[in-house]
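Observations on the model geometry
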Amino acid sequence: MRPGKMIRQVLKSIFKKPVTVMYPYEKLEMPDKFRGKLKYYPERCIGCRLCIKDCPTGAIDIKKVGENQFEALIDLGRCIYCAQCVDSCPKKALEATKDVELAQLDESKLKIIFHAKPYKPADK
Ligand code: SF4
Ligand code: SF4
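Throughout this document, residue positions are counted from 1 along each chain, in the order its sequence is written. Working convention: letters from A go to chains and numbers from 1 go to ligands, in the order in which they are written. Given that the model is predicted, a residue must reach a pLDDT of at least 70 before its local features are reported, and side-chain atom pairs must reach 80 or more before they are shown or counted; all residues, however, enter totals for whole chains, interfaces and linings.

We call a residue near a molecule or strand when its C-beta atom, built from the backbone, sits within 6 Å of it. If you check the shell around ligand 2, you find 13 residues, and the closest are Cys45, Cys48, Cys51, Cys89 and Ala93. When its residues are assigned to classes, the shell around ligand 2 shows 9 nonpolar, 2 polar and 2 charged. Amino acid classes used here: Ala, Val, Leu, Ile, Met, Phe, Trp, Tyr, Cys and Pro are nonpolar; Asp, Glu, Lys and Arg are charged; the rest, including Gly, are polar.

If you check the shell around ligand 1, you find 14 residues, and the closest are Cys55, Cys79, Cys82, Gln84 and Cys85. The residue inventory of the shell around ligand 1, partitioned by class, reads 12 nonpolar, 2 polar and no charged.

Cis geometry is found at the peptide bond from Tyr23 to Pro24, where omega equals 5°. Mapped onto the fold, Pro24 is located in the loop between α1 (3-15) and β1 (38-40). Positive phi, close to 70°, is recorded for Lys33, a residue that is not glycine. Tracing the sequence through the fold places Lys33 in the loop between α1 and β1. Its identity as a non-glycine residue notwithstanding, Tyr81 has a phi of 60°, on the positive side. What counts as a helix is a DSSP run of H or I of at least four residues, what counts as a strand is a run of E of at least two, and both are numbered from the N terminus. For Tyr81, the location among the structural elements is in the loop between β3 (69-75) and α3 (84-88). On the basis of neighbour count, Tyr81 is assigned to the partly exposed category, with 15 C-beta atoms found within 10 Å. With C-beta atoms placed from the backbone, a residue counts as buried when 20 or more other C-beta atoms lie within 10 Å of its own, as exposed when 12 or fewer do, and as partly exposed for counts between those limits.

Before going further, it helps to spend a moment on the nonpolar core. Definition of nonpolar core: a set of buried Ala, Val, Leu, Ile, Met, Phe, Trp, Tyr and Cys residues joined via C-beta atoms within 7 Å. Tyr40, Cys51, Ile60, Ile74, Cys85 and Leu94 are the most contacted members of the largest nonpolar core, which totals 16 residues. Broken down by secondary-structure element, the contributors of at least two residues to this core are β1, β2 (60-66) and β3. In terms of residue count, the dominant contributor to this core is β3 (3 residues). In contact with Ile60, other than residues within four places in its own chain, are Cys51, Ile52, Cys55, Ala72, Ile74 and Cys85. It is the C-beta atoms, placed from the backbone, that decide contacts: two residues are in contact if theirs lie within 7 Å.

On to α1, then. To estimate how far a helix should extend, the number of its residues minus one is multiplied by 1.5 Å. With 13 residues, α1 should cover 18 Å at 1.5 Å per step; its first-to-last C-alpha distance of 19 Å lies within 8% of that length. With respect to burial, α1 is a largely exposed element, only 0 of its 13 residues being buried.

When DSSP finds at least two bridges between two strands, those strands are taken to pair. Ordered by their spatial adjacency, 3 strands build an open sheet running β2-β3-β5, and the pairing between neighbours is antiparallel. Across the chains shown, the open sheet's two edge strands, defined by having one partner strand only, are β2 and β5 (111-114). Adjacent strand axes in the sheet meet at a mean angle of 20° when their direction is disregarded. Between the N-to-C directions of two axes lies an angle of 0 to 180 degrees, each axis being a line fitted to C-alpha atoms and, for a helix, fitted only over the stretch in contact.

Let us look at the environment of Ile74. Tracing the backbone through its elements, the reader meets Ile74 in strand β3. On the basis of neighbour count, Ile74 is assigned to the buried category, with 24 C-beta atoms found within 10 Å. Placed 15 residues apart in sequence, Ile74 and Ala59 show a C-alpha to C-alpha distance of 5.7 Å. Residues in contact with Ile74, not counting those within four places in the same chain, are Leu38, Tyr40, Ala59, Ile60, Cys79 and Ile112.

Below, the structure is given as structure tokens:
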């Protein structure tokens, strides 16, 4: 690279706003359709188990705990945040949120249980 061009690039970089932020003091808003921590709506679940069948890592389990009542166990340590389960669910009972702050020192805290609620169809 010619010295003149190099100096121009260095000067440009000095006055440019950095693309990085001072995390965790500053946080970025994740874009729409970001695939972060999963959320489960037990009141919409019909227990069809399609999410389990389509999950490539075995990170999700659904248990029947009563008449039309289901609860989910999601292992955030195994999940690869592909959102295949969200796409596969016919009842919109799973959702990928924008939550990315999942680091834990205790591995057992990555296993999340969403407890059952009476069935209620999802809003259209
Ligand atoms: S996001 Fe992907 S890896 Fe995670 S539970 Fe759903 S299907 Fe499995
Ligand atoms: S979360 Fe959705 S795909 Fe999974 S069992 Fe419930 S209704 Fe079926």
